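Here's the letter readout for the chains.
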Amino acid sequence: MKTLTVSVVTPDGPVLEDAYQMVSCKAESGELGILPGHIPMVAPLTISAVRLKGEGSSERIAVSGGFLEVRPDKVTILAQSAEKPSDIDVDRARKAKERAEQRMAEKQADIDFRRAEHALKRAINRLDVKDNNF
Amino acid sequence: MASLRDIKGRINSTKKTKQITKAMEMVSAAKLNRAEENARHFVPYSEKIQEVVASIAAGGGDASHPMLEARDVKRTGYLVITSDRGLAGAYNSSVLRKVYQQIRQHHSSAGEYALITMGRVGRDFFRKRNMPVDRDITAISDQPDFADIKDIASETVRLFTDGEIDQLFIYYNHYVSAMTQEVTEKKVLPLTNINVEGKASTSSYEYEPNQEEILEVLLPQYAESIIYGALLDGKASEHAARMTAMKSATDNADDLIGDLSLSYNRARQAAITQEITEIVGGAAALE
């Protein structure tokens with residue numbers, strides 16, 4: 001079975017690099033599934049989970065602020081933050097979620113609201129990836 | 001001549017200072033190692049993002065974005081990276097001097113520039129001179145995460161996209177080696193000097209959904225990554241500068257202790273000689 005090399009890099013360093021059979025992720029324009037031999041492509045990702053399917057195993061990664069660069073044999077995910085489930089700090093995510101919800105409830109200026117919304121999305125995404133509920 | 005006790009006291013206090021500077025030197029050496037490692041970790045990300053940006057810039061002729069275009073400069077942004085604490089030799093002063101000169105040269109009123117500072121020393125420097133600091137961040141950890149500075153980086157980029165500033169320069173100490181750091185001026189925005197050559201231009205991409213929207217996401221991220229890269233570079237320089245400064249302080253303390261011990265011994269010897277002379281003189285008087 002053909003595989004593609006997937007590497008996930010963030011400003012804080014590489015998160016993961018390994019061979020997988022399929023990558024599925026949520027781009028701005030919708031769900032994307034990438035198999036080996038895909039044409040070169042660039043797409044921005046939403047705050048979501050990237051699923052990597054390997055032989056008998058699969059991996060989930062919570063990404064935010066990222067995009068995806070595809071080559072026929074290689075996929076690179078560049079993200080401002082990317083975490084494996086084992087690296088996710090649940091307490092922190094939960095606190096961030098509460099804080100964001102509170103800020104959204106107070107409904108201040110536009111820009112704060114959008115930031116809170118983003119923070120909320122990131123927190124929910126982290127918790128989802130950690131608990132594996134999709 | 002100073003008394004024996006005085007010299008002894010000075011030797012002791014110099015020794016204590018030396019212990020402190022020695023310890024600070026070792027701490028900085030350890031931090032420098034970590035900072036170098038962080039900077040290394042960041043390389044793959046920055047290379048990749050640069051590659052993608054360059055290939056989009058090279059591949060699509062009609063790709064345009066406000067961040068790529070130079071416009072008439074009404075207001076210039078300066079992002080200055082300094083440390084929170086001193087005792088780092090010329091680390092802060094050389095950067096600040098450079099920025100200060102630039103501003104004095106190019107601007108006649110405070111409305112023509114915006115200052116964004118990272119680090120307490122830089123903020124205080126400009127405040128003391130009544131220069132308005134638009135945004136500042138202090139107490140950045142020695143090993144900064146991207147998340148720590150993401151807010152200020154994206155706010156800075158937003159200043160440009162909102163048209164509050166028309167170009168952005170970043171000033172920091174570039175880490176050359178543990179002994180040398182260079183004050184560097186870098187133009188971050190507009191992104192006019194994207195390196196197009198190299199392997200990147202050979203591959204052309206499909207864009208999902210289209211180039212404009214990708215640039216919309218990619219370019220701010222790219223600019224933020226440049227800022228983060230400069231911060232990491234600056235942090236490595238800071239620790240290196242502090243290490244060197246503390247090393248020379250320790251060496252100086254050694255020299256001082258040497259000199260003081262010499263005069264201590266001389267003074268002691270002089271006292272002994274004098275005592276002997278007095279005894280001998282006293283004995284001679286008795287005969």
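Along every chain, residues carry numbers that run from 1 in the direction the sequence is written. Lettering of chains starts at A and numbering of ligands starts at 1, both following the order in which they are written. Whole-chain, interface and lining totals are the exception, using all residues; otherwise, since this is a predicted model, local features are given only for residues with pLDDT of at least 70 and side-chain atom pairs are given and counted only at 80 or more. Computation of side-chain values: all heavy atoms of the structure, hydrogens and water removed.

Some details on the domain arrangement of chain A
All names here are of chain A. Boundaries of every domain are those given by an automatic assignment or by a domain database. The assigned domain composition of chain A is domain 1 (4-83) and domain 2 (89-131). A C-alpha centroid distance of 24 Å is found between domain 1 and domain 2. Working rule for contacts: check all heavy atoms of both residues, and any pair within 4.5 Å makes them a contact. The partner domain 2 presents eight residues to the ten residues of domain 1 that form the contact. Taking both sides of the interface into account, the surface hidden between domain 1 and domain 2 amounts to around 660 Å²; carbon and sulfur atoms contribute 57%. Throughout this description, the term salt bridge denotes a Lys or Arg side-chain nitrogen within 4 Å of a carboxyl oxygen of Asp or Glu. There are one salt bridge connecting domain 1 and domain 2. Its salt-bridge partner being R126, residue E83 comes within 2.7 Å of it at the nearest N-O pair. Under the rule applied, a polar contact is a pair of N or O atoms within 3.5 Å (in protein, one hydrogen donor and one hydrogen acceptor; residues adjacent in sequence only if both atoms are side-chain atoms). Where domain 1 touches domain 2, the interface holds six residue pairs in polar contact (both at pLDDT 80 or more). Per the convention used, a helix needs a DSSP run of H or I reaching at least four residues, while a strand needs a run of E reaching at least two, with both numbered from the N terminus. Broken down by element, the residue count for the side of domain 1 that touches domain 2 peaks at five residues, all from strand β7 (residues 58-71). For this classification, Asp, Glu, Lys and Arg are treated as charged, while Ala, Val, Leu, Ile, Met, Phe, Trp, Tyr, Cys and Pro are nonpolar and the rest, including Gly, are polar. Of the residues assigned to the side of domain 1 that touches domain 2, the class counts are five nonpolar, three polar and two charged. By definition, the buried area sums, over both parts, the 1.4 Å-probe accessible area that each loses when the two are put together.

Concerning a positive patch on the surface
Each patch is built from residues that are more than 30% exposed by relative accessible area and take part in no salt bridge. Like charges join if they lie within 9 Å; nonpolar side chains (Val, Leu, Ile, Met, Phe, Trp, Tyr) join within 5 Å. For the accessible areas, the method is Shrake-Rupley and the probe is 1.4 Å, while residue cover comes only from the protein chains on display. By the counting rule applied here, Lys and Arg register as positive and Asp and Glu as negative, while His and the ends of each chain are not counted. To locate a charge, the coordinates of NZ of Lys, CZ of Arg, CG of Asp or CD of Glu are taken. Residues R92, K95, R99 and R103 of chain A make up a contiguous surface patch of positive charge. Along the chain, R92 of chain A falls in helix α1 (residues 90-106).

Remarks on the UniProt feature "domain: ATP synthase F1 complex delta/epsilon subunit N-terminal" (unreviewed entry) in chain A
UniProt positions are given in the numbering used here, feature names are shortened, and annotations may be inferred rather than shown by experiment. Taking the numbering used here, the UniProt-annotated feature "domain: ATP synthase F1 complex delta/epsilon subunit N-terminal" (unreviewed entry) corresponds to residues 4-82 of chain A. This span, residues 4-82 of chain A, is 0% helix and 75% strand, and a straight line between its end C-alpha atoms measures 19 Å.

Section: the pairing of strand β2 (residues 113-118) of chain B
In regular strands, side chains alternate between the two faces of the sheet. All names here are of chain B. Counting buried residues in β2 gives six out of six residues, a clear majority hidden from the surface. Burial along β2 is two-sided: the face carrying Y113, L115 and T117 and the face carrying A114, I116 and M118 are both buried. Sheet topology note: the strand β1 (residues 76-81)/β2 ladder contains six bridges and is parallel. Bridge pairing in β2 links G77 to A114. Read as a crossover between parallel neighbours, the route from β1 over helix α2 (residues 91-106) to β2 is right-handed. Crossover connection from β2 via helix α3 (residues 120-128) to parallel strand β3 (residues 133-137): handedness right-handed. With a 1.4 Å probe rolled over the protein chains alone, any residue whose accessible area is under 20% of its type maximum counts as buried; one over 50% counts as exposed, and the rest are partly exposed. Pairing between two strands is assigned when DSSP locates at least 2 bridges connecting them. Place the viewer so that the strands point away; then a crossover is right-handed whenever the path from the first strand over the helix to the second strand goes clockwise.

Some words on the side chain of R126 of chain A
All names here are of chain A. Position of R126 among the secondary structure elements: in helix α2 (residues 110-131). In this structure R126 comes out as buried when scored by relative accessible area, which is 18%. A distance of 3.4 Å separates a polar atom in the side chain of R126 from a polar atom in the side chain of S81. With sequence-adjacent residues up to four places away left out, R126 is seen in contact with A62, S81, E83, I88 and A93.

Quick word on the sheet that holds β1 of chain B
All names here are of chain B. The mixed open sheet is built from five strands, whose spatial order is β3-β2-β1-β4-β5. Among the strands making up the open sheet, the edge pair consists of β3 and β5 (181-189). Sheet twist, expressed as the mean angle between neighbouring strand axes with direction ignored, is 20°. Note: β1 against strand β4 (residues 167-175), five bridges, orientation parallel. The residue bridging L79 from the neighbouring strand is I170, located in β4. Most of the contacts of helix α4 (residues 146-161) go to β3, to which it runs at about 160°, and overall it touches β2, β3, β4 and β5. Fitted lines through C-alpha atoms give the axes, limited to the stretch in contact for helices. The angle between two N-to-C directions lies from 0 to 180 degrees.

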